[in-house]
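Results of the structural survey
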Protein chains: 2
Amino acid sequence: MFDAAIVGAGPAGLSAAINLKQLGKDFIWFGSAGGGKVAKSELIANYPGLGLVSGGEMDRRFAGHAAALGIAPEDKLVTGIMPLDGKYMLLAENQVYEARAVILATGAVAAKGLPGEQEYLGRGVSYCATCDGFLYRGKRIAVLCASPCYEHEAAYLAQLAEETFFWPAYPASALAGGGLTRLSGPIARILGQDKVTAIVLADGTEIAVDGVFCLRSAVAPAVLLPGLPMDGPHIAVDRQCRTGLAGCFAAGDCTGRPYQIAKAVGEGNVAAHALAEYLADAGKA
Amino acid sequence: MFDAAIVGAGPAGLSAAINLKQLGKDFIWFGSAGGGKVAKSELIANYPGLGLVSGGEMDRRFAGHAAALGIAPEDKLVTGIMPLDGKYMLLAENQVYEARAVILATGAVAAKGLPGEQEYLGRGVSYCATCDGFLYRGKRIAVLCASPCYEHEAAYLAQLAEETFFWPAYPASALAGGGLTRLSGPIARILGQDKVTAIVLADGTEIAVDGVFCLRSAVAPAVLLPGLPMDGPHIAVDRQCRTGLAGCFAAGDCTGRPYQIAKAVGEGNVAAHALAEYLADAGKA
């Protein structure tokens, strides 16, 4: 069992990881190194100490900092977290991990996902192409793709499925061909009975499908960890980055505005220190 | 009148200044550039993006970042702040400045100063050698010196006064000679009637003096801005770095633990954004 699990490898997750390392904690860190929102920023001028930098340069410096400390995120998407007997069970790509405490640094994702998403999770809704794709061989699926970096997963799914209805949630996507139909607008909700039966587009169009893949950098907090107290679209935290669940901390954009790198880095630091204090107190009890 | 005044030039003040500059605000920034706690740190390993750096190197990078944006702190000590008609009046070395909002980034100083300090402020207690030193020509004074960087002020006072009782609040001080008497222990309290009459040392020794100079990087928040709601030794703030006074924000060590550069930088960013929102709302009203 790990002392801690960090979910997310943006600035908040990185800052938490650097600090947990310095604090001598044994932790697992989930997320995709690089290629996230920082790397996509054109220029950043307000992160003290780096002057005027491109997002790519800042991303390299962040990754280099982690590498110098001998830490790197596991490139796995955490799709479920469950509190159990004073610890947490995390599910990532069909493997289960145990940790005494958790830091959520999942970024600014929609708090609840699509209507129907949580309801049909595991019953037609999936977050992981490589885990669940084979279930939809020869079937009809919808794919919500949040970023170009998931297009290879969408292409993989399109090869397996008979028909793939594709919605890229960003301006331009060149993905086409082979059983792939571009939707005319965003997916508004997911319908089903025992299992997913259809998607509904924003204009009301209903399309029958057997499954829906939501390819995103992170799962919506309320789906990831049911029962986690929210504050509107954000995870509710106090000044120590403690959430409403003992041993669960949150940092960065997922805790609210301003969506700023410096704020995320500061909260990652605070969350790591609060987590260390939590483990020390739990050790005494 | 300025949009904002920032009090303090450590990481929190710097971050606030960089962001107010980016947000297009007209502000004045008080504090000593460089030479603070950052510069004195031997090595810093947990500020994401800078890897393993010396405090001196980080200090230079911070100063360079501000310089690149064309901003620098005014090297003046703010000794009093007063809310007045929806704005703030700041007193710094006998000059008065007006600002619509304030960010306090004064660092981790004792919340209330010495017993008697607030009571006799302006009646024998002073924070500014160059402002008030001449009042003590030929008199007996005590000097509490928080850092070697104020020794030149202490030496200046020792030249003016007949006798100077000196207490450096750090391990080694070479300051000696010319009417300067090193105290055997820290000053525990300040006594007076209409004005200061004496200091009392930790061992109970009472020494008659006409004045007490407290040479520190910042004035204790509760002395600086009477009525500011505190949370124990720290300034009480919410998640947006708002204090209990409208238009007054706080960031960094003065708002509480962990005393970390990343946390201070994050809060400086948050405070600047919250201040901009406050000004926008005030403009609408």
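What counts and what doesn't
Residues numbered from 1 in each chain as written. Chains lettered and ligands numbered in written order. Predicted model: local features only at pLDDT ≥ 70, side-chain atom pairs only at ≥ 80, totals over all residues. Heavy atoms only, no water. Least-squares fit on C-alpha atoms with pLDDT ≥ 70 in both. Contact = heavy atoms within 4.5 Å. Axes fitted to C-alpha atoms, helices over the stretch in contact; angles between N-to-C directions. Helix = DSSP H or I, 4+ residues; strand = E, 2+ residues; numbered from the N terminus. Parallel < 35°, antiparallel > 145°, perpendicular 65-115°, else oblique. Left-handed = near helix turned anticlockwise from the far one by under 90°. Nonpolar A, V, L, I, M, F, W, Y, C, P; charged D, E, K, R; others polar. Phe/Tyr/Trp six-rings, centres within 6.5 Å; stacked < 30°, edge-to-face > 60°. Buried < 20%, exposed > 50% of the residue type's maximum accessible area, 1.4 Å probe, protein only. Pairing = 2+ DSSP bridges. Buried area = accessible area lost by both parts, 1.4 Å probe. Salt bridge = Lys/Arg side-chain N within 4 Å of Asp/Glu carboxyl O. Polar contact = N/O pair within 3.5 Å; in protein donor to acceptor, adjacent residues only side chain to side chain.

Some remarks on the relation of the copies chain B and chain A
After a rotation of 180° and a shift along the axis of 0.0 Å, chain B superposes on chain A with an RMSD of 0.1 Å. Look at the turn and shift together and you get a two-fold axis relating the two. Scanning chain B for the C-alpha nearest the rotation axis identifies Gly 266 of chain B, at a separation of 2.3 Å. Interface residue correspondence from chain B to chain A reaches 100%, placing this contact among same-surface, isologous pairings.

Details of the packing of helix H7 (residues 261–284) of chain A against helix H7 (residues 261–284) of chain B
Where H7 of chain A meets H7 of chain B, the axes come as close as 7 Å, and the angle between the chain directions of the two elements is 140°. Here H7 of chain B runs oblique to H7 of chain A, going by the angle between their axes. The way H7 of chain A lies across H7 of chain B gives a crossing that is left-handed. Contact residues: Ala 262, Lys 263, Val 265, Gly 266, Asn 269 and Val 270 of chain A in H7 of chain A; Ala 262, Lys 263, Val 265, Gly 266, Asn 269 and Val 270 of chain B in H7 of chain B. For the contact of H7 of chain A with H7 of chain B, a count of residues per class yields six nonpolar, four polar and two charged.

Structural notes on the packing of aromatic side chains
Each aromatic ring pair is specified by the distance between its two centres and by the angle formed by the two planes. Enumeration over the complete set of coordinates arrives at nine aromatic pairs over all chains. Relative to Phe 62 of chain A, the ring of Tyr 47 of chain A lies with its centre 5.8 Å away and its plane at 75°, an arrangement referred to as edge-to-face. Of this pair, Tyr 47 of chain A sits in the loop between strand E3 (43–44) and strand E4 (53–54) while Phe 62 of chain A sits in helix H3 (residues 55–68), and the two are 15 residues apart along the sequence. Judged by centre distance (5.4 Å) and plane angle (80°), the ring pair of Tyr 136 of chain B and Phe 213 of chain B falls under edge-to-face. Remark: Phe 213 of chain B occurs in strand E15 (residues 211–215) and Tyr 136 of chain B occurs in the loop between helix H4 (129–132) and strand E9 (140–145); sequence separation between them is 77 residues. The pair Tyr 136 of chain B / Phe 213 of chain B is uniform in exposure class, with both members buried.

Describing the sheet that holds E15 of chain B
Residue and element names in this part refer to chain B. Reading across the sheet, the five strands line up as E8-E15-E9-E10-E11 and stay open at both edges, with parallel pairing between neighbours. The sheet is open, and its two edges are formed by strand E8 (125–126) and strand E11 (180–182), each paired on a single side. In this sheet, strand E10 (residues 163–168) lies alongside E9 in parallel orientation, the contact comprising six bridges. What sits directly across from Ala 142, in E10, is Phe 165.

A closer look at the interface of chain B and chain A
With 33 residues of chain B at the interface, the matching set in chain A holds 33 residues. Carbon and sulfur atoms make up 55% of the area that chain B and chain A hide from each other, which totals about 2600 Å². The largest share of the area that chain B buries against chain A comes from Pro 48, His 65 and Arg 239 of chain B, three residues that together contribute 26% of it. Taken together, the connections running from chain B to chain A amount to two salt bridges. Between Arg 239 of chain B and Glu 267 of chain A there is a salt bridge, with the nearest N and O atoms lying 2.9 Å from each other. Here chain B is connected to chain A by 20 residue pairs in polar contact (both at pLDDT 80 or more). A per-element tally of the side of chain B that touches chain A places H7 of chain B first, with eight residues. Broken down by class, the residue content of the side of chain B that touches chain A amounts to 14 nonpolar, 13 polar and six charged.

Let's talk about the side chain of Glu 267 of chain A
Relative to the helices and strands, Glu 267 of chain A resides in helix H7. In terms of polar contacts, Glu 267 of chain A uses its side chain to reach the side chain of Thr 255 of chain A, at 2.8 Å.

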